Amino acid sequence: MKILKHLFDSNLAWAASIKKEDPEFFTRLSKQQDPEYLWIGCSDSRVPANQITNLQPGEVFVHRNIANVVVHTDLNCLSVIQFAVEVLKVKHIIICGHYGCGGIKAALENQEHGLIDNWLRHVRDVIRFNAEQFDGLEHDKKLDLLCELNVKEQVTNVCNTTIVQNAWKQGKELSVHGWIYSIENGILKDLETCVTSRDA
Ligand code: CO
């Protein structure tokens, strides 16, 4: 049996360092979570929501999947959005993609990877919806563009869910943001696609 002892050791050290700084941290957090943000991002190990925004445990509710895709029939993602909006009452939903995304690259290059090709079909649809924008671009530029357009498409998908539509109908304050992260320099960029109501 392998028990990954080093991870338990680092967990103990982490918990002790938090308690040293703030003795009530875990007691306070154990009573309730009250995050202001829902983060929908890529599973890529280099894009961890809390670290890159410097948010503490309890401050961001997170859903991650390959290529940060929001599919209208994905009960997993929809359940996360519903819980975040209706129970936790988050004020912001952030769709965050990243440059150099392996899922986006696989979709662009149409390589075969098995089961995941069906998931990435949603990203290939983004190419089809925006085909003219890709004409004449070099491969790297196409990849960057698809990473950005995929975020914008997923912002639209989030806005079109019954959950977000109903929140806006009820006059709730809720913004949907599209961001992109650069693994090369650690910087987040706002794609300026923020939607705050059904009229936007
Ligand atoms: Co990725």
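Residues numbered from 1 in each chain as written. Predicted model: local features only at pLDDT ≥ 70, side-chain atom pairs only at ≥ 80, totals over all residues. Heavy atoms only, no water.

Considering the coordination of the cobalt ion
Each pair of donors in an ideal octahedron of six around a metal sits at 90 or 180 degrees, and each pair in an ideal tetrahedron of four sits at 109.5 degrees. Under the convention used in this document: Only N, O and S atoms count as donors, using a 2.8 Å limit from the metal and a wider 3.2 Å limit for Na, K and Ca, and since water is excluded some coordination spheres may look unfilled. Helix and strand labels come from DSSP, where a helix needs a run of H or I of at least four residues and a strand needs a run of E of at least two; each type is numbered from the N terminus.
Protein coordination at the cobalt ion comes from Cys42 (SG), His98 (NE2) and Cys101 (SG), with a distance range of 2.0 to 2.3 Å. Mapped onto the sequence, the donors of the cobalt ion take the spacing C-x55-H-x2-C. Linking Cys42 in strand β1 (residues 37-42) with Cys101 in the loop between β3 (92-98) and α5 (102-109), this pair joins segments that are 59 residues apart in sequence.

A word on the nonpolar core
What tends to happen in soluble globular proteins is that the nonpolar side chains get buried as a cluster. Note the following rule: We define the nonpolar core as a collection of buried residues of types Ala, Val, Leu, Ile, Met, Phe, Trp, Tyr and Cys that are connected through side-chain atoms lying within 4.5 Å of one another. Buried, partly exposed and exposed residues are distinguished by accessible area as a fraction of the type maximum, computed with a 1.4 Å probe on protein chains only: under 20%, between the cut-offs, and over 50%, respectively. Here, residues are in contact when the closest pair of their heavy atoms is within 4.5 Å.
Residues Leu38, Ile40, Ile81, Ile93 and Val158 are the most contacted members of the largest nonpolar core, which totals 47 residues. Every element with two or more residues in this core is listed here: β1, α4 (75-87), β3, α5, α6 (116-129), α8 (139-159), α9 (162-169) and β4 (175-181). Take this core: its biggest share by element is nine residues, from α8. Residues within four places of Ile40 in sequence aside, it is in contact with His63, Asn68, Val70, Cys77, Ile81, Ile93, Ile94, Ile95, Cys96 and Val158.

Side note on the packing of α4 against α9
Note the cut-off: Note on geometry: axes are C-alpha line fits, over the in-contact stretch for helices, and angles between N-to-C directions span 0 to 180 degrees. Should an angle fall under 35 degrees it is called roughly parallel, over 145 degrees roughly antiparallel, and 65 to 115 degrees roughly perpendicular, with every other angle called oblique. The handedness criterion is simple: a crossing whose near helix is rotated anticlockwise from the far helix by less than a right angle is left-handed, and one whose near helix is rotated clockwise is right-handed. Residues are sorted three ways: Asp, Glu, Lys and Arg are charged, Ala, Val, Leu, Ile, Met, Phe, Trp, Tyr, Cys and Pro are nonpolar, and all the rest, Gly among them, are polar.
Contact geometry of α4 with α9 gives a least axis separation of 9 Å together with a crossing angle of 20 degrees. Viewed along their axes, α4 and α9 adopt a mutual orientation that is roughly parallel. Considering how the two elements wind past one another, α4 and α9 form a crossing that is right-handed. Of the residues in α9, those in contact with Leu78, Ile81, Gln82, Val85 and Glu86 of α4 are Ile163, Val164 and Ala167. Of the residues assigned to the contact of α4 with α9, the class counts are six nonpolar, one polar and one charged.

Focus: the domain arrangement of the protein chain
So the rule is basically this: Each domain span listed reflects an automatic or database assignment of domains.
Examined at the domain level, the protein chain breaks down into domain 1 (1-31) and domain 2 (32-196). Taking only C-alpha atoms into account, the centre of domain 1 sits 30 Å from that of domain 2.

Notes on α9
One turn of an α-helix holds 3.6 residues; hence residues three or four places apart share an orientation. Filter applied, for reference: In this description, the arc belongs to the directions extending from the helix axis to the C-beta atoms.
Every buried residue belonging to α9 is among Ile163, Val164, Ala167 and Trp168, and all of these are buried. Angular distribution of buried residues about the axis of α9 spans 130 degrees; they occupy a single face of the element. Relative to its buried face, α9 has exposed residues pointing more than 90 degrees away, namely Thr162 and Lys169. Taken together, the buried residues of α9 touch α4, β3, α8 and β4. Immediately beyond the C-terminal end of α9, within one or two residues, lies Gly171, with a positive phi of roughly 75 degrees.

A few points about unusual backbone geometry
The phi torsion at Asn54 lies on the positive side, around 55 degrees, for a residue other than glycine. Within the secondary structure, Asn54 sits in the loop between α3 (49-53) and β2 (60-65). Looking at Asn54, the relative accessible area reads 64%, which means it is exposed.

Let's talk about the pattern of salt bridges
Once their charged atoms are close, side chains differing in charge can pair, the charge on each being opposite to the other. We apply this condition: Only one rule defines a salt bridge in this text: a Lys or Arg side-chain nitrogen within 4 Å of an Asp or Glu carboxyl oxygen.
As enumerated under the stated definition, the model contains six salt bridges in all. Among the ionic pairs, Arg46 bridges to Asp44, the shortest N-O distance being 2.7 Å. Given a relative accessible area of 43%, Arg46 falls into the partly exposed group.

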